[in-house]
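# Structural overview for review
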Amino acid sequence: MRAAFTLTKLEVEAGRRLQVATYGDHTAERFLLFDPGSYGIFADALHLCSILAERGWFAASMTRAGLFGSDPLPPGINPSPDVHIADMQHVLTALGRDQRFVLAGHSMAGLRLHLAAHRFRDQLAGLVLIDAVCPSLLDGRVWPIWVASAKGLSASGRFVLPTPLGQFVRKLHPNTLKLEGRQRQDKIGSIACDTHLT
């Protein structure tokens, strides 16, 4: 049985909110903040955060700016790692967490988390990189090809998803996270979202 969670929109700046799922007792001493990767949303950490909550932790998983349930960045703001790290700090503040914490992330979040670990070094109790991308991939050869491929896949998904073929594929889409209801629908939608790389 999974631990219950609360899905809220936390204000990170005046008029801008991020969707954050929280698990467990917010007064717990041990705390984990999860940052999903490129196609990632709050639901990606459902199992990890549930297990931690059952073991006495407080955990939170955020959906980055511009993705399902989270407001976009203001016009003209470059979605750089610095901006996303500032949002992490805003989430910590909104949750009232000023003590040491564990920062975890998956896939492309690894790029942000390496920098975040440096920025939060006095607050970090640990850094967990789950199948994460390392900054060494930003050598100018691999990164542009990956970004172009991911954007092409996203654009294709966005146009195919509403068609009968897209609906058929949706039924077949692997559900390795075993998500249900809202979490599954948001996860499927995030794959066809053209803002996931921002």
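Look up: the structure comes first, before these words.
The present account deals with the structure reproduced in this document. Since we're looking at a predicted model, the values are computed, not measured. Sequence positions are assigned chain by chain, starting from 1 and proceeding in written order. Confidence filtering applies because this is a predicted model: local features only for residues at pLDDT of at least 70, side-chain atom pairs given and counted only at 80 or more, and all residues used for totals across whole chains, interfaces and linings. Just so you know, side-chain values use all the structure's heavy atoms and leave hydrogens and water out.

What follows is about the pattern of salt bridges. One speaks of a salt bridge when a side-chain nitrogen belonging to Lys or Arg is within 4 Å of a carboxyl oxygen belonging to Asp or Glu. Tallied over the entire structure, the rule returns five salt bridges. Note that aspartate 87 is salt-bridged to arginine 16, the shortest N-O span being 2.6 Å. Residue aspartate 87 is found in helix H2 (residues 81-94), and its partner arginine 16 is found in strand S2 (residues 16-23); the two are separated by 71 residues along the sequence. The buried label applies to any residue whose accessible area, calculated with a 1.4 Å probe on protein chains only, is under 20% of its type's maximum; exposed applies above 50%, and partly exposed to all values in between. Relative accessible area serves as the criterion here: at 1%, aspartate 87 is assigned to the buried category. Taking the relative accessible area as the measure of exposure, arginine 16 reaches 5% and is therefore buried. Linking aspartate 35 and arginine 112 is a salt bridge whose minimum nitrogen-to-oxygen distance equals 2.9 Å. Helix and strand labels come from DSSP, where a helix needs a run of H or I of at least four residues and a strand needs a run of E of at least two; each type is numbered from the N terminus.

All axes here are fitted lines through C-alpha atoms, helices being fitted over the stretch that makes contact, and every angle between N-to-C directions spans 0 to 180 degrees. Running from N to C, H2 and helix H3 (residues 109-119) point in directions that differ by 55 degrees, and their axes come no closer than 10 Å. One way to sum up the angle between H2 and H3 is to call them oblique. H3 is crossed by H2, and the crossing has right-handed handedness. The residues of H3 that touch H2, namely those facing Pro81, Asp82, His84, Ile85 and Met88, are Arg112, Leu113, Leu115, Ala116 and Arg119. Grouping the constituent residues of the contact of H2 with H3 by class yields six nonpolar, one polar and three charged. Orientation is classified from the angle alone, with under 35 degrees giving roughly parallel, over 145 giving roughly antiparallel, 65 to 115 giving roughly perpendicular, and any other angle giving oblique. Left-handed describes a crossing whose near helix is turned anticlockwise from the far helix by less than a right angle; the clockwise case is right-handed. The contact rule is simple, with two residues in contact once any of their heavy atoms fall within 4.5 Å. Gly falls in the polar group here, along with every residue not listed as nonpolar (Ala, Val, Leu, Ile, Met, Phe, Trp, Tyr, Cys, Pro) or charged (Asp, Glu, Lys, Arg).

Backbone phi values are negative for most residues with the exception of glycine, while trans is the configuration of most peptide bonds. Its identity as a non-glycine residue notwithstanding, serine 107 has a phi of 60 degrees, on the positive side. Looking at where serine 107 falls in the secondary structure, it is placed in the loop between strand S5 (101-106) and H3. Its identity is not glycine, yet aspartate 131 carries a phi of approximately 45 degrees, on the positive side. Assignment of secondary structure puts aspartate 131 in the loop between strand S6 (124-130) and helix H4 (142-160). Judged by relative accessible area, which is 66%, aspartate 131 ranks as exposed.

For the rest of this paragraph, the subject is the packing of aromatic side chains. Any two of the Phe, Tyr and Trp rings considered here, Trp counted by its six-membered ring, make a pair once their centres fall within 6.5 Å; the pair's planes then place it as stacked at under 30 degrees, edge-to-face at over 60, or tilted in between. Taken as a whole, this structure holds five aromatic pairs when the rule is applied. Measuring from centroid to centroid gives 6.4 Å for phenylalanine 5 and phenylalanine 42, while their planes differ by 40 degrees, and the two rings are tilted. One end of the pair, phenylalanine 5, is in strand S1 (residues 5-13); the other, phenylalanine 42, is in the loop between strand S3 (31-35) and helix H1 (46-54), with 37 residues separating them in the sequence. Take phenylalanine 42: its relative accessible area is 0%, and that puts it in the buried class. Look at phenylalanine 101 and phenylalanine 120: their rings are 5.7 Å apart centre to centre, the planes differ by 70 degrees, and that puts the pair in the edge-to-face class.

Here the focus is the pairing of S6. When DSSP finds two or more bridges between two strands, those strands count as paired. Across six bridges, the pairing between S5 and S6 is parallel. Bridging from a neighbouring strand, glycine 105 pairs with leucine 129 of S6. Crossovers are marked right-handed if the path from the first strand over the helix to the second runs clockwise, as seen with the strands pointing away from the viewer. For the crossover from S5 across H3 to S6, the handedness is right-handed.

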